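Each chain is listed here by its residues.
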There are 2 protein chains.
Amino acid sequence: MTPMSTLSPQPYKGTRDYYPEDKRVQNYIFNTWRKVVQLHGYEEYGAPMLEPLEVYTAKSGQELAGEQTYAFTDRGDRVVAIRPEMTPSISRMVAGRRQELGYPARLFSIANFMRYERPQRGREREFWQLNTDIFGVDGPMPEAEIIGLAAEIMKAFGATNDMFTIRINNRKLIDFTMGQYLGLDAVQAQMMIKLFDRKNKISPEDFRDHAAEIFGAENSPRGLQQIAVLIAAKSMNDLPEELRTSAAAREVQELFQLLEQAGVKNAVFDSTLMRGLDYYTGTVFEVFDTDPQNNRSLFGGGRYDGLVGLFGAEPIGTVGMAPGLTTTELFLQSHNLLPKLVSTTEVGIVVLNNTYSAALKLAQNLREEGVNVEVDITGRKLEKQIKAVIKKNIPFMIFVGEDEVSSGIYMFKDTMTAQEEKLSFERIVSKVKDRRHISDDDEFAVFFD
Amino acid sequence: MTPMSTLSPQPYKGTRDYYPEDKRVQNYIFNTWRKVVQLHGYEEYGAPMLEPLEVYTAKSGQELAGEQTYAFTDRGDRVVAIRPEMTPSISRMVAGRRQELGYPARLFSIANFMRYERPQRGREREFWQLNTDIFGVDGPMPEAEIIGLAAEIMKAFGATNDMFTIRINNRKLIDFTMGQYLGLDAVQAQMMIKLFDRKNKISPEDFRDHAAEIFGAENSPRGLQQIAVLIAAKSMNDLPEELRTSAAAREVQELFQLLEQAGVKNAVFDSTLMRGLDYYTGTVFEVFDTDPQNNRSLFGGGRYDGLVGLFGAEPIGTVGMAPGLTTTELFLQSHNLLPKLVSTTEVGIVVLNNTYSAALKLAQNLREEGVNVEVDITGRKLEKQIKAVIKKNIPFMIFVGEDEVSSGIYMFKDTMTAQEEKLSFERIVSKVKDRRHISDDDEFAVFFD
């Protein structure tokens, strides 16, 4: 059973190992998400890691379904894919219990996904997202709720209004703009939407040249002028009258009124925002980092009423969004918003002279008081035991030897301040619990670790 | 954008959808696991969903790596597998930071896995496990710790000692038994181990016939007698002297002494316990349900010191185990140990006469007090709104209309008892928080939801 050769200890390309110090950051973000969406009445669900590939080919768009999925044929000849997103899975689940669910159904999950992309900063092949959706309500109220929830999530991480902007558009307004205002046919409109979607990734000259091509020689002078008006519009009021007075524009205005009432101060209209996926049917939005060093889209969402129809159910009003782990982590780093996170283990017991039965008994008593505690059972020198506790970022350490056992008074050390004091069992318990309350204020969601 | 045909709303074969009521059970089990292992100083980690296939072919055994993996070739021609177990991944991670980690490294994860098996009760193709391992310590202490942790986990779910048994054996003792006592060569020993592994799945007659075949005609009379002695042994004391006095047997005896000191009362020696996977090197154990209706192995673990070596690191003392979600759920059901779980949403606001701005304001105020609350924004009849709150298992409901807004006194209803009373905002907050404390006693880990 000797291995033939040594395998690499590196994770598979584009995936990450989460060692405890990385997992702490991940859990801080997951717990903050969970806390905020649960405060707003969203309930957690889970969906399978694999779905039939056709679930994605039908509606997600060619790039995602065709080029980016991890698809394969299983041993029973089914063509399946590792989920590249959650929206089709939750639509399938809602379609499967269309009659049984209570509405509005507010649902969330925190899950991992895979896409075959070139790994780069902020983009991994395996990635984690919060997906949070409300099913069963038409009109602007659920849209205002989801966008408000996006703002609440940002604030729960400590972000202030100047750190992010929420850009909003509407697919119906986009369709009206492409058809009625710019005079494009369906094929041209589709091309123009894709071009707008890439607008921030190409130069203004390239954008103009491609747009002119789509219009064709005859229409391009007028078309480019009209596009310039769209791009310059900083609010609905700057739009040309025929757009501003359209039914779709009135939907957008209603939404902005609700957002104002809800106190969302950093939502702006952006006529160039498209969202790549094909299934959106109304409002679309994206949250942008305002930091010039990290001026990227953090996450987005929108209304997608028809997706349950793919699974044989009547369309249902649906609005959702999906913040990602990696972009959130980069945002928190760039704005210096990540709290100092320590181990979930609160006490490390250092054992002198192999007094294990006393050390294990003390650990058991602390656990009965709800304290997370580990015991060093290596039998190593004191110095090495102490170093290990510090390396693991455990906030407190207790030394247990024969004297401590007979006196019931233990040397207790704060590993952050290096302060030492002799304390009774009861004082140790209250010291450990005091730290939690301080961290609660600090870290918001430490209870959910 | 019309779909070509309707897709099935069923999940992929052998996988499960977790709707909120299913996810509550899953989270109750996950949170109980997390709480217990964190009390014992274990820290959470995460590993990728995919690994190179060779990680499993090298050490996990032919059945798991060859027949049961979801393996495929990625777009970069790498042969990968969806993880069928966690042990190789965490061994890879420890090998990758052999020098940097603090020891003993106590690590756990809660993750999903896939195996291509025939789905049946208690066995799904996608399944969830707690994996909890201690790295860096030789000898029986970490083995006693992990087995003690297994008992603590069972007790945290409300199991009493009569509901489960922990059966223990040792790979070194198994090897000694096969070679020295039964006189088998390496190939015969491997066949005999596999046969013992299937012992509870075949008839005693089949077991005897297969064993006789392995011994061969000449040796089978003596061999079958010796096996009968092994099977009859209820403790180490019942073993033949040459086994009982072996070095391997002394290891087992030391372990039982530590378990007795730690108060683990339901551990028994079982000379027929093998554990299927190839990587174990010392103690192996399995937790069995004692219920005659569900008399199955719930989970197990053991010592596997060499697995980091696969990734180029020096061997390191390692003991671990992996309780599964589905077997735990079946155990809790069969012993009637599952608590009544309600929604994480604590309050549903029912809105009269479209008084949304008041309802949303009340919801916001409740959230600021830490209460999880949803608002019905459908504009439906009162009766339908009430039904939806009850359907979702939300414990409380508040009615908001014009009278409530002007008086500041709300009709507050307990959906479980159907009791109604008129309460101020402050009284509502304390009523909701009172319920949490009651549930804490009841459900152990409700804080971690």
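Per chain, residues are indexed from 1 in the order of the written sequence. To label them, take the chains in the order written and letter them from A, then take the ligands in the order written and number them from 1. Totals for whole chains, interfaces and linings use every residue, but because this is a predicted model, local features are given only for residues with pLDDT of at least 70 and side-chain atom pairs only at 80 or more, for both listing and counting.

Caption draft 1: Summary view of the overall build of chain A. Only DSSP runs of H or I covering at least 4 residues are called helices, and only runs of E covering at least 2 are called strands; the numbering of each starts at the N terminus. Check the secondary structure of chain A and you find 16 helices and 16 strands. In terms of principal-axis extent, the alpha carbons of chain A reach across some 95 × 55 × 50 Å. Counting other C-beta atoms within 10 Å of its own, a residue is labelled buried from 20 upward, exposed at 12 or fewer, and partly exposed in the gap between, with every C-beta atom placed from the backbone. Relative to its 449 residues, chain A shows a buried fraction of 47%. Across chain A, contacts joining residues at least 24 apart in sequence account for 68% of those joining residues at least 6 apart. Two residues qualify as a contact pair if the distance between their C-beta atoms, derived from the backbone, is within 7 Å.

Caption draft 2: Looking closely at the interface of chain B and chain A. Taken together, the contacts link 76 residues of chain B with 77 residues of chain A. For the side of chain B that touches chain A, the class distribution of residues is 37 nonpolar, 21 polar and 18 charged. Under the scheme applied here, ten amino acids are nonpolar (Ala, Val, Leu, Ile, Met, Phe, Trp, Tyr, Cys and Pro), four are charged (Asp, Glu, Lys and Arg), and all others, including Gly, are polar.

Caption draft 3: Spatial organisation of the environment of Gly324 of chain A. By the secondary structure assignment, Gly324 of chain A is in the loop between β11 (318-321) and α12 (325-334). Once you skip the residues sitting within four places of it in the chain, Gly324 of chain A turns out to touch Phe127, Trp128, Gln129 and Phe299 of chain A.

Caption draft 4: Geometry of the nonpolar core. Ranked by internal contacts, the top residues of the largest apolar core, which has 236 residues, are Ala150, Ile349 and Ile398 of chain A together with Ala150, Ile349 and Ile398 of chain B. Filtering out sequence-adjacent residues up to four positions away, Ala150 of chain B remains in contact with Ile166, Val287 and Met321 of chain B. Only buried Ala, Val, Leu, Ile, Met, Phe, Trp, Tyr and Cys residues enter a nonpolar core, and they are joined through C-beta atoms within 7 Å.

Caption draft 5: Representation of the packing of helix α7 (residues 186-197) of chain B against helix α8 (residues 204-215) of chain B in the model. Residues and elements named next belong to chain B. Note on geometry: axes are lines fitted to C-alpha atoms, helical ones only across the stretch in contact, with angles between N-to-C directions running from 0 to 180 degrees. Their axes nearest at 10 Å, the elements α7 and α8 cross at an angle of 175°. When the axes of α7 and α8 are compared, the pair comes out roughly antiparallel. When α7 is examined against α8, the residues Gln188, Met191, Met192 and Leu195 are found in contact with a partner set consisting of Phe207, His210, Ala211 and Ile214. A breakdown of the residues in the contact of α7 with α8 according to their chemical character gives six nonpolar, two polar and no charged. Relative orientations are named as follows: roughly parallel for angles under 35 degrees, roughly antiparallel for angles over 145 degrees, roughly perpendicular for angles from 65 to 115 degrees, and oblique for any other angle.

Caption draft 6: Quick peek at the relation of the copies chain B and chain A. A least-squares superposition brings the copies together, and it is based on the C-alpha atoms of residues with pLDDT no lower than 70 in both. With an RMSD of 0.1 Å, the fit of chain B onto chain A corresponds to turning through 180° and sliding 0.0 Å along the axis. A rotation of that kind, with that shift, is consistent with a two-fold axis. A share of 100% of interface residues in chain B that are also interface residues in chain A marks the association as one of identical surfaces.

Caption draft 7: Structural view of the packing of helix α1 (residues 20-39) of chain A against helix α5 (residues 140-156) of chain A. Residue and element names in this part refer to chain A. In contact at an axis separation of 10 Å, α1 and α5 are set at 135° when each is read in the N-to-C sense. Between α1 and α5, the crossing angle belongs to the class labelled oblique. Crossing of α1 against α5: the hand is right-handed. Taking contact as the criterion, the partners of Thr32, Trp33, Lys35, Val36 and Val37 in α1 are, on α5, Leu149, Glu152, Ile153 and Ala156. Among the residues forming the contact of α1 with α5, the class breakdown is six nonpolar, one polar and two charged. A crossing counts as left-handed when the near helix is turned anticlockwise from the far one by less than a right angle, and as right-handed when that turn is clockwise.

Caption draft 8: Spotlight on the domain arrangement of chain A. As far as domains go, chain A holds domain 1 (16-138 + 305-338), domain 2 (157-300) and domain 3 (347-448). The domain boundaries here were taken from an automatic or database domain assignment. Summarising the inter-unit geometry, the C-alpha centres of domain 2 of chain A and domain 3 of chain A are found 56 Å apart.

Caption draft 9: Main features of the sheet that holds strand β13 (residues 373-375) of chain A. Residue and element names in this part refer to chain A. Pairing within the open sheet is mixed, and its five strands lie in the order β13-β12-β14-β15-β16. The open sheet is flanked by β13 and β16 (420-424), the only strands paired with a single partner. Across this sheet, the average inter-strand angle for adjacent strands is 30°, counted without regard to direction. Pairing between strands is defined by DSSP: at least two bridges between them are needed. With four bridges connecting them, strand β14 (residues 396-400) and strand β15 (residues 409-414) associate as antiparallel partners. Its bridge partner lying in β15, Met397 is registered against Lys413. On top of the sheet, helix α14 (residues 382-391) reaches β12 (347-351) and β14; it is set at about 170° to β12, its chief contact.

Caption draft 10: Quick look at α1 of chain A. The span you would expect from a helix comes to 1.5 Å times its residue count less one. End to end, α1 of chain A covers 27 Å across 20 residues, agreeing with the expected 28 Å (1.5 Å per residue, within 8%). Of the residues one or two after α1 of chain A, Gly41 of chain A is the one with positive phi, at around 85°.

Caption draft 11: Representation of the confidence of the model for chain A within the structure. Residues and elements named next belong to chain A. Confidence scores labelled pLDDT are given residue by residue by the predictor and lie between 0 and 100. Looking at chain A as a whole, the pLDDT averages 92, with 95% of positions reaching at least 70. Ignoring residues within four places in sequence, the model shows residues 441-449, a span with pLDDT below 50, making 21 contacts including any to other chains. Predicted complex metrics record ipTM = 0.94 and pTM = 0.94.

Caption draft 12: How the structure looks around the pairing of β16 of chain A. One ladder, built from five bridges, connects β15 of chain A with β16 of chain A; its direction is antiparallel. The residue of β16 of chain A that forms the bridge with Lys413 of chain A is Glu420 of chain A.

Caption draft 13: Unusual backbone geometry, seen in detail. Residue and element names in this part refer to chain A. In this structure, Pro104 follows Tyr103 across a cis peptide bond, with omega equal to -5°. For Pro104, the location among the structural elements is in the loop between α4 (87-96) and β5 (105-114). Phi is positive for Asn354, close to 55°, though the residue is something other than glycine. Mapped onto the fold, Asn354 is located in the loop between β12 and α13 (356-368). Asn354 gets classed as exposed once you count the C-beta atoms within 10 Å, which come to 10.

Caption draft 14: Structural context of the sheet that holds strand β12 (residues 347-351) of chain B. Residues and elements named next belong to chain B. Read from one edge of the open sheet, five strands run β13-β12-β14-β15-β16, paired in mixed fashion. Looking at strand neighbours, the two that pair on one side only are β13 (373-375) and β16 (420-424), the edges of this open sheet. Neighbour to neighbour, the strand axes of the sheet diverge by 30° on average, direction disregarded. Along the sheet, helix α14 (residues 382-391) makes contact with β12 and β14 (396-400), crossing β12 at roughly 170°.

Caption draft 15: Expanded view of the pairing of β11 of chain A. Residues and elements named next belong to chain A. Burial along β11 is two-sided: Thr318 and Gly320 facing one way and Val319 and Met321 facing the other are all buried. In the sheet, strand β6 (residues 126-135) pairs with β11 via four bridges, with the strands oriented antiparallel. Counted as the bridge partner of Phe135 is Thr318 from β11. As defined by bridge partners, strand β10 (residues 297-303) adjoins β11 across three bridges and the pair is classed as antiparallel. Considered in β11, the bridge of Arg303 is made with Val319.

Caption draft 16: Focus on helix α5 (residues 141-156) of chain B. Residue and element names in this part refer to chain B. For α5, which comprises 16 residues, the first-to-last C-alpha distance of 22 Å matches the rise-based estimate of 22 Å (1.5 Å per residue) to within 8%. Along α5, 13 of the 16 residues are buried, which leaves the element largely enclosed by surrounding structure. Among the residues trailing α5, Gly158 stands out with phi positive, at a value near 95°.

Caption draft 17: Spatial organisation of the environment of Ile110 of chain B. All names here are of chain B. Mapping Ile110 onto the fold places it in strand β5 (residues 105-114). On the basis of neighbour count, Ile110 is assigned to the buried category, with 21 C-beta atoms found within 10 Å. Along the chain, Ile110 and Thr132 lie 22 residues apart, while their C-alpha atoms are 8.8 Å from each other. The residues contacting Ile110, other than those within four sequence positions of it, are Phe30, Trp33, Arg34, Trp128 and Leu130.

Caption draft 18: Quick look at the environment of Ile166 of chain A. Residue and element names in this part refer to chain A. For Ile166, the position within the fold is in strand β7 (residues 164-170). Taking the C-alpha atoms as reference points, Ile166 and Gly148, separated by 18 residues in sequence, lie 9.8 Å from one another. The residues touching Ile166, leaving out its near neighbours within four places in the chain, are Ile147, Ala150, Ala151, Asn266, Ala267, Phe285 and Val287.

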